[in-house]
Amino acid sequence: MSYVDEVIEQVTAQNPGEPEFHQAVREVLDSIRPVIDANEAKFRKDALLERLVNPERQIKFRVPWIDDNGNAHVNTGYRVQFNSAIGPYKGGLRLHPSVNIGIIKFLGFEQIFKNSLTGLPIGGGKGGSDFDPKGKSDREIMNFCQSFMLELYKYIGADTDVPAGDIGTGGREIGYMFGMYKRIRGLFEGTLTGKGLSYGGSLARTEATGYGLLYMTQELLKDHGIDIKGKTAVVSGAGNVAIYAIEKAHQLGAKVLTCSDSTGWVYDPDGIDVAALKQIKEIDRARLTEYKNYRPNSEYHEGRGVWQIKADIALPCATQNELDIEDAKQLVANGAIAVCEGANMPTTEAATKYLQDNKVFFVPGKAANAGGVATSALEMSQNSERLSWSFEEVDSKLNQIMVNLYHNIAKAADKYGYKDNFVVGANIAGFEKVLDAMNAQGIV
Ligand code: GLU
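Note that the structure is a prediction, hence the values are computed from the model and not measured.

A.B. asks: Tell me about the site of the ligand, residues and numbers included.
C.D. replies: The full set close to the ligand counts 13 residues, and K90, K114, G165, D166 and S376 are the nearest of them. With respect to the ligand, the side chain of D166 contributes an N or O atom lying 2.8 Å from a nitrogen atom. Contact distances for the ligand include 2.6 Å between an oxygen atom and a side-chain N or O atom of S376. Its free accessible area being 300 Å², the ligand has 93% of it covered by the protein chains. Looking at the shell around the ligand, the elements that each hand over two or more residues are β3 (89-95), α6 (101-117) and α16 (370-384). For the shell around the ligand, the leading source of residues is β3, giving three residues. Residues belonging to the shell around the ligand are distributed by class as follows: two nonpolar, six polar and five charged.

Written as structure tokens, this is what we have:
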């Protein structure tokens, strides 16, 4: 059996009940076969792949907190410090009831290659909790975040591990966590990114994942002689990634017809009203059912369904495995040109294959949504030099990073004979730098 297949089998056997982690490992290892096969004996001797798929450290802790009625609750907190070969661990904190160790490991594993692709010196990590922020009061959120940090602070630091936002963790949560970290450590340092602008945050960080997704999509289309201007798009999600993806899509002259949240979805034939969406989601923290009050011409539907709407571009910006094989068939039948992932691994393996087989350009999240973490790294740089850059400066760096990233993955795919297979391109390009750093540092 080949070394790659052996390690895929091992991961499945040794990490039972973690299907998303298996899926992420399978996707990466499958893609890097050409690199591994060419050096199989050496890599096997060095246990390179075993070291790649086993996190350097996994931390699991109890998070007790008290609700507004005085009742105590216990959630589980996680931080997986996956790989520090190219820099301090870097990655978000997800607060969602679906969080478990397998989810955090899949996200942490993806983060290694994503962070490598940014070209910036950041390793891969991820954390979070099964705490559900939905319906909680502001005090309860603060209470949870403080308790979470009271344990997590032991393991993080500006030069060791720098967490940030993800699903359920936005500016408010980062603020509460940063406040607690500063109080416990007595240190004002850039240990978290996605901070508010008044205390060390970076301009354009809020917008970065969504904007970056569109810079990448624009470059992909341009490289194939297609203008994004005048194109239609379907977006899923209504969180930070979706909102700023829609905003930038409109700025670039495309029209976004849909968005969704955990209970339903909106179809707006005139193009999603971003100001309304921001009011509903960022300020009122309400459901998309409210959208109709702003746009009487729009439709609201319960459940899922954005991929039924005919459009040129699909941007899944909600969560893992939200776009399945039936959705992929619908997109192909509707003549979609490209699918670029704003979320982490939102497309199932079968759907990805179907899209690729049917010549739909497909850019995986680890490349397409890397603008968020890239801008986090720019926030770290600004914190280190105790300066703040202008919006234009950060945004133009982000744009350049995404354009370079696109060409790097396209080039890597081409080099190994997989032209326009951006999954292979992203995994190989991301892996090569990590491989080089791991080899240089010995067996650690
Ligand atoms: N959670 C984001 C991601 O999946 C951002 C992480 C960060 O900024 O560290 O990449």
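A.B. asks: Which residues make up the nonpolar core, and what are the values?
C.D. replies: Ranked by internal contacts, the top residues of the largest apolar core, which has 53 residues, are V363 and I409. It is helix α9 (residues 205-223) that contributes the most residues to this core, eight residues altogether. Apart from the residues within four sequence positions on either side, V363 is in contact with M216, L220, V339, C340, E341, A368, I409 and F422. Residues L29, I32, F43 and I428 belong to the second largest nonpolar core, which totals 39 residues.

A.B. asks: Before we move on, could you go through the packing of helix α1 (residues 3-14) against helix α2 (residues 19-31) and cite the residues and values that matter?
C.D. replies: The contact between α1 and α2 brings their axes to 10 Å, and the two run at 175°. As the angle between them shows, α1 and α2 are arranged roughly antiparallel. Across the interface between the two elements, V4, V7, I8, V11 and T12 of α1 pack against F21, H22, V25, R26 and L29 of α2. Of the residues in the contact of α1 with α2, the class split is seven nonpolar, two polar and one charged.

A.B. asks: Give me the lowdown on the sheet that holds strand β11 (residues 338-340), citing residues and values where you can.
C.D. replies: Judged by pairing direction, the sheet is mixed, and its seven strands sit side by side in the order β9-β8-β7-β6-β10-β11-β12 without closing on themselves. The sheet is open, and its two borders are formed by β9 (299-302) and β12 (361-363), each paired with just one other strand. Strand-to-strand twist of the sheet, defined as the mean angle between neighbouring strand axes without regard to direction, takes the value 15°. Relative to strand β8 (residues 264-267), strand β7 (residues 255-260) runs antiparallel, the two sharing three bridges. Each bridged residue has a counterpart across the sheet, and for S260 the counterpart in β8 is W265.

A.B. asks: Got a sec to walk through the confidence of the model for the protein chain? Specific residues and values, please.
C.D. replies: For the protein chain, mean pLDDT is 98; residues scoring 70 or higher make up 100% of the total. The secondary-structure element of the protein chain with the lowest mean pLDDT is helix α3 (residues 33-38), recorded at 96, while strand β2 (residues 72-83) shows the highest, at 99.

A.B. asks: So what's going on with the state of the cysteines? Which residues, and what values?
C.D. replies: Summed over all chains, the structure comprises zero disulfides. Residue C259 stays outside any disulfide, its sulfur separated by 10 Å from that of C317, the closest cysteine.

Definitions and limits used
- Residues numbered from 1 in each chain as written.
- Predicted model: local features only at pLDDT ≥ 70, side-chain atom pairs only at ≥ 80, totals over all residues.
- Heavy atoms only, no water.
- Near = heavy atom within 4 Å.
- Polar contact = N/O pair within 3.5 Å; in protein donor to acceptor, adjacent residues only side chain to side chain.
- Areas by Shrake-Rupley, 256 points an atom, 1.4 Å probe, with all protein chains shown as cover.
- Helix = DSSP H or I, 4+ residues; strand = E, 2+ residues; numbered from the N terminus.
- Nonpolar A, V, L, I, M, F, W, Y, C, P; charged D, E, K, R; others polar.
- Core = buried A, V, L, I, M, F, W, Y, C linked by side-chain atoms within 4.5 Å.
- Buried < 20%, exposed > 50% of the residue type's maximum accessible area, 1.4 Å probe, protein only.
- Contact = heavy atoms within 4.5 Å.
- Axes fitted to C-alpha atoms, helices over the stretch in contact; angles between N-to-C directions.
- Parallel < 35°, antiparallel > 145°, perpendicular 65-115°, else oblique.
- Pairing = 2+ DSSP bridges.
- pLDDT = per-residue confidence, 0-100.
- Disulfide = S-S within 2.5 Å.

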